[in-house]
Amino acid sequence: MGGKLLQAVCRRHGKDEYLEKVNAVTNKISDSGVDIGLWLTSTYRAKDTFGDADILYDVGKNINMVDLVNDLFAPKMVVKNGPCISFDYDELQIDLILCDESWIHFAYFYHGNADVGNFMGKLARHIGLSLGHDGLFMPVRDYSLPHDENNHDLIGKILLTTDPIKAMAILDLNAKTFANKFETKEDIYRFVQSSKYFNPSSYAYENISHIGRVRDKKRESYGEFLEFNKTYTGPVAEKRPKHEYMDMIFKYFPDAQSKYEHLMGVYAMKKIAKAKFNGTLVSTHSGLTGESLGKCMSFLKTKPFYGTARIVQASEQMIGRELSKDLEEFYTNYYRK
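Bear in mind that the values here come from a model prediction, so they are computed numbers and not experimental data.

(A) Local environment of the overall build of the protein chain. Counting its regular elements, the protein chain contains 15 helices and 10 strands. Computed over its C-alpha atoms, the radius of gyration of the protein chain comes to 26 Å, more than 25% above the 20 Å expected for a compact globule of 337 residues. Overall, the protein chain is about 80 × 55 × 35 Å in size when its C-alpha atoms are taken along their principal axes. Buried positions account for 42% of the 337 residues belonging to the protein chain. When the accessible area of the protein chain is evaluated, it comes to approximately 18800 Å², of which 50% is carbon and sulfur surface. Once the 44 positive and 44 negative side-chain charges of the protein chain are each reduced to a mean point, those two points are 6 Å apart.

If you want it as structure tokens, here you go:
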């Protein structure tokens, strides 16, 4: 996960040397007395050289892992990037990846096997889902709005599962094949291609977001997968509107439907409230614009009357009367021309 952050002080290792050093690191952490779970991510059996070791861990929030790493290993370099702490141990890059206890098993599934989690994520996206290290999610969107990289159309996210077997089932991937592990990288690539939701174009750099493109171009296995896909001659999944998969998703995860309906209900209420009370209305009543209007809106939002539930029930006349009263208070006590 840490890539080649420490290449100035680290090198690639053969399998035996790699496993010996990883065991030394995990044993030293375990023997330190810290209550911590450690999981070395898996890989395909034929892999014979290693540039780094991805080790998942869950630990109490009161433990400073950077301090622990420095105390135990005195590394030449330590780099913290979000949940990942990278450091060198005897010329091997160690990446410690913080996980929550509730989804560390899913993270183990996601992070191993030559980027298979990222590859499966594209399958999930094909049917309108999101797969990451912390589980399989259903993004709930307003499909009347244009989608962009800032997710302005995103209403919320529903956690569907942190069970890898259930995640593979809806993605049309064989859990037994995954459990038997892979001999080569090509076996992993064929595993991803076996899904009925596989479409090679979904992986092309020009068809993914800028953030994803920057990330994936740094991954050697991703480039190799693109090359492997050039010889693919199997069935290609037809691209369909994401919302057409919703009924299928609810069949796999029945509890998600009530959560979806709740989110959509709340969102509908907010849309009604926004149509009845907004900056344009306040500007019309007050004559304020720009920064002054912003300050007035902030003031009004402290008033319980302008909450979603009250505004939805209120008539235009009631809103007008309340607004006139509150604008007078704003002018008197807060507004400075």
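(B) Seen up close, helix α15 (residues 316–333). Its 18 residues give α15 an end-to-end C-alpha distance of 26 Å, which sits within 8% of 26 Å, the value for a rise of 1.5 Å per residue. Buried within α15 we find Ile319, Gly320, Leu323, Asp326, Leu327 and Phe330. Burial along α15 is one-sided: seen end-on, the buried residues are contained in an arc of 145°. In α15, the exposed residues that point more than 90 degrees away from the buried face are Gln317, Arg321, Glu328 and Thr332. Among the structural elements, α11 (255–276), α12 (279–286), α13 (290–300) and α14 (308–313) are those in contact with the buried residues of α15.

(C) Up close: the packing of aromatic side chains. In the structure shown here, the tally under the stated rule is 26 aromatic pairs. Judged by centre distance (5.6 Å) and plane angle (35°), the rings of phenylalanine 299 and phenylalanine 330 are tilted. Here the residue phenylalanine 299 occupies a position in helix α13, and phenylalanine 330 occupies one in helix α15, the gap between them amounting to 31 residues. Judged on exposure class, the residue phenylalanine 299 and its partner phenylalanine 330 are both buried. One aromatic cluster is present, formed by Phe119, Tyr189, Phe198, Tyr203, Tyr205, Tyr222, Phe225, Phe228 and Tyr232 through successive ring pairs. Its guanidinium or amino end placed over the ring of tyrosine 205, lysine 217 lies 5.2 Å from that ring's centre, counting from NZ or CZ. One Lys or Arg, arginine 240, reaches over the ring of tyrosine 245 and ends 4.5 Å from the middle of that ring.

(D) Local environment of unusual backbone geometry. One non-glycine residue, alanine 74, lies in positive phi territory at about 45°. Residue placement: alanine 74 occurs in the loop between α2 (65–73) and β5 (78–81). Even without being glycine, asparagine 113 reaches a positive phi, approximately 60°.

Rules and cut-offs
- Residues numbered from 1 in each chain as written.
- Predicted model: local features only at pLDDT ≥ 70, side-chain atom pairs only at ≥ 80, totals over all residues.
- Heavy atoms only, no water.
- Helix = DSSP H or I, 4+ residues; strand = E, 2+ residues; numbered from the N terminus.
- Rg over C-alpha atoms; globule rule 2.2 N^0.38 Å.
- Buried < 20%, exposed > 50% of the residue type's maximum accessible area, 1.4 Å probe, protein only.
- Areas by Shrake-Rupley, 256 points an atom, 1.4 Å probe, with all protein chains shown as cover.
- Lys, Arg positive; Asp, Glu negative; His and termini not counted.
- Charge placed at Lys NZ, Arg CZ, Asp CG, Glu CD.
- Expected span 1.5 Å × (residues − 1).
- Arc of directions from axis to C-beta.
- Contact = heavy atoms within 4.5 Å.
- Phe/Tyr/Trp six-rings, centres within 6.5 Å; stacked < 30°, edge-to-face > 60°.
- Lys NZ or Arg CZ within 6 Å of the ring centre and 35° of its normal.

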